Amino acid sequence: MTVSEDLNFCFPVQELSNERIKMTPFKASIHSSPLCSILSTHPELWAHMPTGPFQSVQDFNTNFLDTLVHNDPGMVSFAIIDKTKPPSTADEEGELAGMMSYMNSSPVHLCTEIGYIIILPQFQRTHVNSNAVGLLLQYALQVPSQGGLGLRRVQWQCSSVNAPSIRAAERLGFKKEGIMKWHRVFPGGKDKAKVHNGREMPRGSLDEEDYARDTVVLAHCWDDWEQGGRENIQAIMNRQH
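A few points on the structure. What you see is a predicted model, and the numbers here were worked out from it, not measured in a lab. (Residues numbered from 1 in each chain as written. Predicted model: local features only at pLDDT ≥ 70, side-chain atom pairs only at ≥ 80, totals over all residues. Heavy atoms only, no water.)

## Examining the pattern of salt bridges
No. 1: Summed over the entire model, instances satisfying the criterion amount to eight salt bridges.
No. 2: Residue Lys175 pairs with Asp224 through a salt bridge whose shortest N-O separation is 3.1 Å. Separated by 49 residues along the polypeptide, Lys175 in strand E7 (residues 175-186) and Asp224 in helix H5 (residues 222-238) bring together distant segments of the chain.
No. 3: For Asp224, a relative accessible area of 13% puts it in the buried group.
No. 4: Each member of the salt-bridge network shares a partner with another, and the members are Lys22, Lys83, Asp91 and Glu93. (Salt bridge = Lys/Arg side-chain N within 4 Å of Asp/Glu carboxyl O. Helix = DSSP H or I, 4+ residues; strand = E, 2+ residues; numbered from the N terminus. Buried < 20%, exposed > 50% of the residue type's maximum accessible area, 1.4 Å probe, protein only.)

## Description of the environment of Gly150
No. 1: By the element assignment, Gly150 lies in the loop between helix H3 (128-141) and strand E6 (153-159).
No. 2: Residues Gly150 and Ala140, 10 residues apart in the sequence, show an inter-C-alpha distance of 6.2 Å.
No. 3: Filtering out sequence-adjacent residues up to four positions away, Gly150 remains in contact with Ala140, Leu141, Gln142, Val143 and Pro144. (Contact = heavy atoms within 4.5 Å.)

## Focus on the packing of aromatic side chains
Two aromatic rings, taken as a pair, are described by how far apart their centres are and by the angle between their planes.
No. 1: This model, assessed by the stated rule, comprises 11 aromatic pairs.
No. 2: A centroid spacing of 5.1 Å and a plane angle of 85° characterise the contact between Trp46 and Phe54, whose relative ring orientation is edge-to-face. Per residue, the accessibility class of Trp46 equals that of Phe54, and both read buried.
No. 3: Judged by centre distance (5.3 Å) and plane angle (15°), the ring pair of Phe60 and Phe64 falls under stacked. Here Phe60 pairs with Phe64, and both are found in helix H2 (residues 57-69), just four residues apart, close to one helical turn. Just as Phe60 is buried, Phe64 falls in that class too.
No. 4: Clustering of aromatic rings is evident, with ring pairs tying together Phe26, Trp46, Phe54, Phe60, Phe64 and Tyr116.
No. 5: The ring centre of Phe186 lies 5.7 Å from the NZ or CZ of Lys194, which sits over that ring. (Phe/Tyr/Trp six-rings, centres within 6.5 Å; stacked < 30°, edge-to-face > 60°. Lys NZ or Arg CZ within 6 Å of the ring centre and 35° of its normal.)

## Details of empty space enclosed by the protein
No. 1: As enumerated under the stated definition, the model contains one cavity of 30 Å³ or more in all.
No. 2: Of the volumes computed, that of the largest cavity is approximately 90 Å³.
No. 3: Residue lining of the largest cavity: Leu7, Asn8, Pro25, Phe26, Leu65, Val69, His70, Met75, Val76 and Ser77, and that is the complete set.
No. 4: Mapped by element, the contributors of at least two residues to the lining of the largest cavity are H2 and strand E3 (76-82).
No. 5: The residue inventory of the lining of the largest cavity, partitioned by class, reads seven nonpolar, three polar and no charged. (1 Å grid on protein atoms, 1.4 Å probe; cavity = no way out; pocket = protein on both sides within 12 Å on 5 of 7 lines; lining within 4 Å. Points joined across faces, edges and corners; volume = space filled by probe spheres on them. Nonpolar A, V, L, I, M, F, W, Y, C, P; charged D, E, K, R; others polar.)

## Let's talk about the pairing of strand E5 (residues 111-119)
No. 1: Where burial is concerned, most of E5 is hidden: eight out of the nine residues are buried.
No. 2: As consecutive antiparallel partners, strand E4 (residues 95-106) and E5 are separated by four residues, and within that stretch Leu110 has a phi angle of approximately 55°, a positive value.
No. 3: Summarising the sheet, E5 and E6 pair through three bridges and their orientation is parallel. The partner of Glu113 across the bridge, within E6, is Gln155.
No. 4: In the classification by handedness, the crossover that spans E5, the intervening H3 and the parallel E6 is right-handed. (Pairing = 2+ DSSP bridges. Right-handed = clockwise from strand over helix to strand, strands pointing away.)

Written as C-alpha cells, this is what we have:
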C-alpha cells in the first residue's frame, strides 16, 4: 500500500510488514506521545545521535519531526510496530516498539541510509531490530519488478564507540568502509549526555562542553544483496528469537 501522498519524501513510501513487524509512516498525532513517554526516562537512547534528547512531545514534534524530517525530501521516519504484541493505542496490530528512518536519500544517485534508530528498551535483543532493518533493506534493494525501489546503496553510519550498532549492522550484511574522524560536533554534548569519541579535544576548542563523534561508515549495496545478502537477511528475519 503506497501512502506517500502527504509525505515530503523523494521515493514512494509504503507500509512494510511481515508476520512480526510493521513499518508504518510515523504520525505525530498517533505515535509521538507513546514514544516520548518512554524516551523521557531513557535519554541514553539518543547518546550517539546528533539530536535529542527532547524535553517534551512538543519539543520532539517541533525539533525532530517538523524541522528535521518533514523539511527534508531525503528523509522519512517509520513507527515500528511489534505485531507479536496485543493491539494498543498506537496501532491496532500491536505495540509501538520504536522508530527508524530512511535518510540522506537521493533519486539521482539511487541511494539511502537507515538511521535515527530507536528501539525501546523492552524490545531490544528481540526480533524487532533485525526485522525492521530487514524490511527497509528489502524495499530499498529489491528491483521494482519485485516491489522494491531498485536502489544501489543503503548506508549505515554510527559512532565509532557504539559497538552494538556496528555489530548489528555487520550481522545484517553491512560492510565497513571506513571511519570519518571528527565527523560531528555535539554542541552541549556533555550536558546532553552524549558520548564523546574518546580523543583529546583540539587545542583552542571554544567550548569544553561540546563533544565530538568519529563516524563509522558501512553499506549494503546492490551487488552485496544479489550475492547472498537477500538470503542472509531473510534467514535472520525468519529466526524465532
